[in-house]
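An overview of the molecular structure
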Amino acid sequence: AEAARRGAVTCVYFIEPDLWRAPDAATQHYAFILESLRDLHTQLAALGLKLNLLVGDAITCLQRIADIVPIDRLYAHEETGNDLTYARDKAVAAWCRSHHIGWQEYPQFGVHRGPHDRDHWKAAWQAFCRAPQVPTPERGQASDVRLLDPPPTPQQLGLTDPDPEQRQHGGRQQAQQTLHAFLHERSHQYRGGISSPLSAPTACSRLSAYLSYGCLSMREVFQATESHIASLPPGRSRHKQGLQSFVSRLYWHCHFIQKLEDEPELEYRNLHRGYDGLRESQWDEDRFNAIKTGQTGWPLVDACVAMLAHTGWLNFRMRAMLVSVAAYPLWLHWQPVGQWLARQFLDYEPGIHWSQMQMQSGTTGINVPRIYNPIKQAQDHDPNGEFVRQWLPAMRRVPDTWLFEPWCMADSVQSRCGVVVGKDIARPVCDLELATRQAKERVFERRADPEVRSAKRAIVKKHGSRKQLESPPAKRQSHTGS
């Protein structure tokens, strides 16, 4: 909008091969972006603008444009991506300075760049989300740049993993339809429906991928939700409370991204350095392969991995359970597990992802470890085995009596139901109770170390959430331009 106000506009998107070779990049991410770009092309055409598509590193692409028309100013949203995109942004900033080009970035979420006070962060986030939305210009003046490189295939970018058959599709049109369906048709299920993998696919908003890739803005979703809450008639208190919980999760979305913005190293270092060496030297590739292939032997875990492979999505509680199982009974370091899961999640958002990987693995130093028992989770959230049997066909033949611990079936029972443990379904990779207890003892022993305890305060000050809602300081200006 600001670029269109100033004059001729060159709309560009760069496909950067080096970024797509990163260990957290996946075919489904790329396919979703291409779908979103096709939708964006249509939107821009309606305004008289053209989307230019360039393949190469950002500096080379910018220079190609500058060789055709002079660049007066570069407009973009603030990246809150991984370390590679952070390095790219620094290179772009240097290029702009050397060419005397102004670079204006706008916050995409309620994430603050630069020094800030965590005590007032929540109030600033609310001010950002409640600020007026910037209207789309009715028309724009297109520049003379016409660059349309053919998009590389996933294989040309080094992406060899499959694209999930049942994943969500990209684009603003799809995003708006999903938002409308959630607010007007599905959100009454939100409270009480988001924990079970059975009800979560429709009870959850399913907006995460559209927020991650910018098909919707945080401000747009926040304001639409608050407006819908206000429109609910009396007697819909449960529905209203569910949507209020959803708004709080929008806050947590940005709260966790802020952690990565403030400390980019948490993508590859323990947030609390006192946990260095806790798991790293005891890596077990066989156990890692077991969870990646859905062969841990714990039905709910393996069913979640199967659902991810087919849909690219899983509800939060089941994601937390997967990380907990990897971190505790399997005793796997969070970073390789996190890279694998980043490729599995269509809605991979680095700030949320790496913060959660560390929190669920017990290496933040400020969160009490959450250790999920996959058997109890199945009893609580899939008591009749519907989810497990949906995604693990062999479990359809297992009697209800052995639903949660099928490895305990006698040979005679296995023979009668036609399921052989160790062949049709996996045996547990370890003794769940023993391995979890040993892992818990190791983590809490490290947690009790005086030096580890003493370093906690600084982490809380920098990254901890604040319980009280503060008013913004008098001189602080709210973010604008999202």
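Keep in mind that this is a model prediction, so the values were computed, not measured.

So, unusual backbone geometry
- Positioned with a positive phi, Arg206 is a non-glycine residue whose angle comes to about 65 degrees.
- As for its position among the elements, Arg206 is in the loop between helix H9 (200–203) and helix H10 (208–212).
- Its relative accessible area of 16% is what places Arg206 among the buried residues.
- Of note in this structure, Trp331 is not a glycine but carries a positive phi near 55 degrees.
- Tracing the chain through its elements places Trp331 in the loop between helix H15 (316–327) and helix H16 (334–344).
- With relative accessibility at 5%, the residue Trp331 sits in the buried group.

Brief notes about the packing of aromatic side chains
- Overall, the coordinates contain 14 aromatic pairs when judged by the stated rule.
- Ring centres of Phe32 and Tyr210 lie 5.6 Å apart, and the angle between their planes is 45 degrees; on these two criteria the pair is classed as tilted. Of this pair, Phe32 sits in helix H3 (residues 27–46) while Tyr210 sits in helix H10, placing them 178 residues apart in sequence.
- What links up through ring pairs into an aromatic cluster is the set Trp121, Trp125, Phe222, Tyr251, Trp252 and Phe256.

Some points on the confidence of the model for the chain
- Per-residue confidence for the chain averages 93 on the pLDDT scale, and 96% of its residues sit at or above 70.
- A low-confidence stretch, residues 468–482 stays under pLDDT 50, and its non-local contacts, those more than four residues away or across chains, total 33 contacts.

Examining the state of the cysteines
- Within this structure, the stated rule accounts for zero disulfides.
- In this model Cys254 remains outside any disulfide bridge; the closest cysteine sulfur is found in Cys129, 5.9 Å from its own.
- For the unlinked cysteine Cys408, the closest cysteine sulfur is that of Cys417, found at 13 Å.

A closer look at the pattern of salt bridges
- Applying the stated rule across the entire model yields 18 salt bridges.
- Here Glu226 and Arg130 are joined by a salt bridge, their closest N and O atoms 2.8 Å apart. On the criterion of sequence distance, the pair formed by Glu226 in helix H11 (residues 218–231) and Arg130 in helix H6 (residues 121–130) is long-range, its members being 96 residues apart.
- Given a relative accessible area of 46%, Arg130 falls into the partly exposed group.
- What emerges from the salt-bridge pattern is a single network uniting Glu16, Glu79, Arg88 and Asp89.

Examining a negative patch on the surface
- There is a patch of like negative charges on the surface, built from Glu441, Glu445, Asp449 and Glu451.
- If you trace the backbone, Glu445 turns up in helix H21 (residues 432–447).

Here we look at the pairing of strand S4 (residues 102–106)
- Direction of pairing for strand S3 (residues 73–77) relative to S4: parallel, over a ladder of five bridges. When the bridges of S4 are listed, Leu74 appears paired with Trp103.
- One crossover worth recording links S3 to the parallel S4 by way of helix H5 (residues 83–98), and it is right-handed.

Brief notes about helix H18 (residues 374–381)
- For H18, the set of buried residues is Pro374, Ile375, Gln377, Ala378 and His381. For H18, the angular spread of the buried residues around the axis is 165 degrees, confining them to a single face.
- Where H18 is buried, its residues meet helix H14 (299–311), H15 and H21.
- Between the side-chain oxygen at the start of H18 and the backbone nitrogen of Ile375 there is a gap of 2.8 Å, and the oxygen is on Asn373.

About the thresholds
- Residues numbered from 1 in each chain as written.
- Predicted model: local features only at pLDDT ≥ 70, side-chain atom pairs only at ≥ 80, totals over all residues.
- Heavy atoms only, no water.
- Helix = DSSP H or I, 4+ residues; strand = E, 2+ residues; numbered from the N terminus.
- Buried < 20%, exposed > 50% of the residue type's maximum accessible area, 1.4 Å probe, protein only.
- Phe/Tyr/Trp six-rings, centres within 6.5 Å; stacked < 30°, edge-to-face > 60°.
- pLDDT = per-residue confidence, 0-100.
- Contact = heavy atoms within 4.5 Å.
- Disulfide = S-S within 2.5 Å.
- Salt bridge = Lys/Arg side-chain N within 4 Å of Asp/Glu carboxyl O.
- Patch = residues over 30% accessible without salt bridge, like charges linked within 9 Å, V, L, I, M, F, W, Y side chains within 5 Å.
- Areas by Shrake-Rupley, 256 points an atom, 1.4 Å probe, with all protein chains shown as cover.
- Lys, Arg positive; Asp, Glu negative; His and termini not counted.
- Charge placed at Lys NZ, Arg CZ, Asp CG, Glu CD.
- Pairing = 2+ DSSP bridges.
- Right-handed = clockwise from strand over helix to strand, strands pointing away.
- Arc of directions from axis to C-beta.
- Polar contact = N/O pair within 3.5 Å; in protein donor to acceptor, adjacent residues only side chain to side chain.

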